[in-house]
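Structural characterization, general
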Amino acid sequence: MDCIFCQIVAGELPAERLYEDDDTLAFPDLRPRAPHHLLVIPKRHVDSLASTNDDDWAVVAACLHTVQRVARDRGLDTAGYRVVSNIGSDGGQTVNHLHWHVLGGRLMTWPPG
Ligand code: DGP
């Protein structure tokens, strides 16, 4: 298995498991860009939103539910937060396993770089 996020799911690479259920996992980003910077991933490997198929939408919804849950658990609802999914090379995706960045705890600027 050469996908690092699949290795995290399998427990073969260390990560603090902040939340997990049957379909999703949330853990801190290794290189945080904000006071709160979590990643939410499906446990089943999907490359990115660009390669989802009809079988994947339920797990995409489950991931967004987990995004809402972990943001709420950290009290980010009031001030707000940002959710980002980078897709492909132009999108800045460096790990080819579908994931959402959850960033909060500071004012986000727009547009992103
Ligand atoms: P992206 O560039 O959108 O594909 O985001 C990938 C993120 O994954 C990046 O912010 C750094 C993070 N990352 C890479 N390797 C690891 C790892 O081994 N553990 C954790 N926790 N995060 C990682």
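Note that the structure is a prediction, hence the values are computed from the model and not measured. (Residues numbered from 1 in each chain as written. Predicted model: local features only at pLDDT ≥ 70, side-chain atom pairs only at ≥ 80, totals over all residues. Heavy atoms only, no water.)

What follows deals with the pattern of salt bridges. Taken as a whole, this structure holds four salt bridges when the rule is applied. The closest approach of N and O atoms between R17 and E20, which form a salt bridge, is 2.9 Å. Close ionic contact of K43 with E20 constitutes a salt bridge, the shortest N to O distance being 2.7 Å. Residue K43 is found in the loop between β3 (36–42) and α2 (57–73), and its partner E20 is found in strand β1 (residues 19–20); the two are separated by 23 residues along the sequence. Relative accessible area serves as the criterion here: at 22%, K43 is assigned to the partly exposed category. (Salt bridge = Lys/Arg side-chain N within 4 Å of Asp/Glu carboxyl O. Helix = DSSP H or I, 4+ residues; strand = E, 2+ residues; numbered from the N terminus. Buried < 20%, exposed > 50% of the residue type's maximum accessible area, 1.4 Å probe, protein only.)

The next thing to look at is the nonpolar core. Among the nonpolar cores identified, the biggest contains 14 residues, and A26, V40, V67, V70, L98, W100 and V102 are the most heavily contacted of them. Within the residue set of this core, elements represented by two or more residues are β3, α2 and β5 (100–104). Examining the composition of this core, we find that five residues originate from one element, α2, more than from any other. Setting aside its immediate chain neighbours within four residues, W100 contacts L38, L39, V40, L49, V60, C63, L64, V67, V83, V84 and S85. In this structure, C6, I8, F27 and V95 belong to the second largest nonpolar core, which totals nine residues. (Core = buried A, V, L, I, M, F, W, Y, C linked by side-chain atoms within 4.5 Å. Contact = heavy atoms within 4.5 Å.)

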